[in-house]
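Per-entry structural report
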Amino acid sequence: MNPYDDRIEKSLLSLLGGPVDPRRWAKSVQRLSNHYVSEPEAISPWNEPWAREALLSYYHPLNQSRARRVATQGGNLGFFKGLSHMIDLGCGSAAASLGFLQVQKFASLELIDRSFEVTQMAKALVEASGLAPSDVKTSQQSLELLSAADSKSPTLLILSYVLTEAHSLRTLEQVLKKRPDVQALAILEPSTSQDGRKLQALREPLKDLGFHIWAPCTHAGACPLLKDSDRDWCHDRLVPETPSWWQSLESELPMKNKTVTVSYLLARKEPRPSFSKPDQGQTEVRVIGDRMEEKTKVRQMICRGENREFISWFPSRLGGEAETFHLDRGDRLIASDAAWADPRGIDRSKEYRLSLEAIKNLSRIDFK
Ligand SMILES: C[S@@+](CC[C@H](N)C(=O)[O-])C[C@H]1O[C@@H](n2cnc3c(N)ncnc32)[C@H](O)[C@@H]1O
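Residues numbered from 1 in each chain as written. Predicted model: local features only at pLDDT ≥ 70, side-chain atom pairs only at ≥ 80, totals over all residues.

1. Remarks on the packing of helix α2 (residues 22–38) against helix α3 (residues 49–77)
Test applied: With axes taken as lines fitted to C-alpha atoms, and helix axes fitted only over the stretch in contact, angles between N-to-C directions fall between 0 and 180 degrees. Strands are runs of DSSP state E lasting at least 2 residues, helices are runs of H or I lasting at least 4, and numbering of each runs from the N terminus. Convention used here: angles under 35 degrees read as roughly parallel, angles over 145 as roughly antiparallel, angles from 65 to 115 as roughly perpendicular, and any remaining angle as oblique. Once C-beta atoms have been placed from the backbone, residue pairs whose C-beta atoms lie within 7 Å are recorded as contacts.
Contact geometry of α2 with α3 gives a least axis separation of 8 Å together with a crossing angle of 100°. What the angle tells us is that α2 and α3 run roughly perpendicular. Residues W25, S28, V29, R31 and L32 of α2 touch α3, and the partners they reach there are W50, A51, E53, A54, S57 and Y58.

See the structure below:
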């Protein structure tokens with residue numbers, strides 16, 4: 001587990017009404033989890049004390065970590081260039097704003113949710129974090145009735161775990177037509193097969209609305225996971241940052257989260273820079289599968305175009321760098337032509353066997 005920001009932890013604890021009470025919080029987490037399972041489209045019940053307890057003690061740190069990961073991926077691509085205003089719509093406890101502010105500064109922030117109590121809580125958390133822009137506003141609005149822009153500042157609109165609750169593409173389209181100030185979009189969704197695939201399917205309508213997809217995609221073509229698989233979905237895996245009560249809280253829970261996943265889209269009206277240089281034999285690749293060990297072979301799914309593809313290698317047989325070569329889901333690489341020299345299998349799931357030279361030539365374009 002990664003350490004959590006001390007100031008945010010103190011502020012969460014004061015909103016939780018202290019002292020730390022893992023046993024009671026775990027019961028609340030379990031109750032909220034059952035609530036989401038039985039009513040997947042239910043609105044988060046912030047007004048219930050038990051739900052608030054679960055959301056702040058457990059879900060907030062996980063969602064903040066997911067947002068930070070997405071923002072880091074965006075930062076590596078130059079996604080934030082020229083954006084000065086951020087709107088966190090359906091902000092809840094501002095987990096997404098905080099995750100983004102850990103990576104990128106903004107001149108102003110607007111926290112929007114349905115109720116006054118929720119937006120005040122979000123504001124308190126952002127202000128206590130030391131990461132707040134000088135101008136932080138709140139408003140009580142819904143995605144459906146979002147008011148027209150009162151400023152022309154180039155804006156990033158974040159929707160973190162909101163579309164599943166608001167569940168309407170039509171609504172998103174209406175918002176984007178009404179808000180020309182929204183130059184960039186960050187959408188985070190639960191990383192399930194169903195929600196993750198629905199999110200990938202948003203790429204085409206967003207393109208029709210004048211947006212370019214910056215991440216996680218390496219290319220603008222069809223998504224190979226939608227095209228060539230019935231249930232695979234695109235997501236990153238990360239180790240979350242967790243407050244000091246985490247271990248005792250998790251020990252009371254049936255679910256353990258050493259790592260968590262997130263499905264996301266980052267889109268901008270500006271085109272995304274390309275890292276591929278086909279004339280120089282270089283292709284941008286994203287790792288979209290977990291490491292699969294098959295006897296002495298390692299296999300991992302990658303994305304670099306419209307086909308569902310894998311790379312594979314034999315660590316002990318190849319020796320040298322191959323023995324410690326490790327890729328995580330979500331890593332981005334530049335591969336040389338040597339990577340594609342030994343293809344096997346059919347187009348729908350082609351596997352490229354890597355030589356030691358190909359492994360040595362793979363360079364990472366991300367930092368963690
Ligand atoms: C699951 S919570 C996510 C909170 C936060 N964004 C995060 O990432 O942790 C969903 C939030 O979206 C808000 N919400 C859901 N549908 C909405 C809508 N149509 N308009 C505005 N807010 C909405 C809910 O009130 C709730 O606070």
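Structure shown, so let's carry the discussion forward.
2. Quick look at the environment of L56
For clarity, the cut-off: Here exposure depends only on C-beta density: within 10 Å of a residue's C-beta, 20 or more other C-beta atoms make it buried, 12 or fewer make it exposed, and intermediate numbers make it partly exposed, the C-beta atoms being placed from the backbone.
As for its placement among the helices and strands, L56 is situated in helix α3. Overall, L56 belongs to the buried group, with 25 C-beta atoms counted inside 10 Å. Sequence spacing of L56 and L15 is 41 residues, and the spatial spacing of their C-alpha atoms is 8.0 Å. Residue contacts for L56: discarding those within four places in its chain leaves L12, L15, L16 and S93.

3. Considerations on α3
Along an α-helix, residues three or four apart share an orientation, since each turn contains 3.6 residues. Convention followed: To estimate how far a helix should reach, multiply one less than its number of residues by 1.5 Å. Take the seven residues that end at a residue and the seven that start at it, fit an axis to each, and the angle between those axes is the bend at that residue.
For α3, spanning 29 residues, the distance from its first C-alpha to its last is 40 Å, which sits close to the expected 42 Å at 1.5 Å a residue. Along α3, the helix axis deviates most sharply at Y59, where the bend reaches about 50°; the proline P61 sits within four residues downstream. Among the 29 residues of α3, 22 are classified as buried, and the element is accordingly described as predominantly covered.

4. Quick word on the nonpolar core
Stated formally: As used here, a nonpolar core is made of buried Ala, Val, Leu, Ile, Met, Phe, Trp, Tyr and Cys residues. They are joined through C-beta atoms within 7 Å.
L89, I158, A186, I187, L188 and L266 are the most contacted members of the largest nonpolar core, which totals 66 residues. Dropping the residues within four chain positions of it, A186 is found in contact with V70, L156, I158, Y264 and L266. Within the second largest apolar cluster, 17 residues are counted, among which are C223, C234, I288 and I311.

5. Let's talk about the domain arrangement of the protein
A common measure of how large an interface is: the accessible area buried when the components associate. Heads up, the rule is: Domain start and end points were adopted from an automatic or database domain assignment. Residues were grouped as follows: Ala, Val, Leu, Ile, Met, Phe, Trp, Tyr, Cys and Pro as nonpolar; Asp, Glu, Lys and Arg as charged; and all remaining residues, including Gly, as polar.
The domain boundaries assigned to the protein delineate domain 1 (2–268) and domain 2 (278–364). Computed over C-alpha atoms, the centres of domain 1 and domain 2 are 31 Å apart. Taken together, the contact between domain 1 and domain 2 spans 13 residues of the former and 14 residues of the latter. Listing elements by their share of the side of domain 1 that touches domain 2, those giving two or more residues are α10 (224–228) and β8 (236–238). For the side of domain 1 that touches domain 2, the class distribution of residues is 5 nonpolar, 4 polar and 4 charged.

6. A look at the environment of S336
In this fold, S336 is placed in strand β15 (residues 332–336). A count of 17 C-beta atoms within 10 Å places S336 in the partly exposed class. S336 sits 59 residues away from K277 along the chain, and the two C-alpha atoms are 9.7 Å apart. The contact partners of S336, leaving out residues within four places of it in the chain, are G281, Q282 and N361.

7. Focus: helix α8 (residues 193–200)
What counts, and what does not: Relevant arc is that of directions from the helix axis to the C-beta atoms, nothing else.
Looking only at α8, the buried set comprises G196, R197, L199 and Q200. Angular distribution of buried residues about the axis of α8 spans 155°; they occupy a single face of the element. In the core, the buried residues of α8 are packed alongside β6 (182–189), α9 (203–208), α10 and β10 (260–268).

8. Topic: the pairing of strand β14 (residues 309–313)
This is how the line gets drawn: DSSP bridges decide pairing: two strands pair if at least two such bridges lie between them.
In this structure, strand β13 (residues 297–303) lies alongside β14, joined through 5 bridges in antiparallel fashion. Pairing of R299 across the sheet is with S312, part of β14. Adjacent in sequence and paired antiparallel, β13 and β14 are bridged by 5 residues. Where β14 meets strand β17 (residues 350–353), 4 bridges bridge the pair, whose relative direction is parallel. Its bridge partner lying in β17, I311 is registered against Y352.

9. Focus on the confidence of the model for the protein
Just so we agree on the cut-off: pLDDT gives the predictor's per-residue confidence on a scale running from 0 to 100.
With 98% of its residues at a pLDDT of 70 or more, the protein has an overall mean of 92. When the elements of the protein are averaged for pLDDT, helix α6 (residues 163–166) gives the smallest value, 74, and helix α4 (residues 95–101) the largest, 98.

10. Observations regarding the packing of helix α1 (residues 6–16) against helix α5 (residues 116–128)
So the rule is basically this: By convention the crossing between two helices is left-handed if the near helix lies anticlockwise of the far one by an angle smaller than a right angle, and right-handed if it lies clockwise.
Running from N to C, α1 and α5 cross one another at 150°; their axes reach a closest spacing of 8 Å. Relative to α5, the element α1 lies roughly antiparallel. Considering how the two elements wind past one another, α1 and α5 form a crossing that is right-handed. Across the interface between the two elements, R7, I8, S11 and L15 from α1 touch M121, A124, L125 and A128 from α5. Looking at side-chain class alone, the contact of α1 with α5 contains 6 nonpolar, 1 polar and 1 charged residues.

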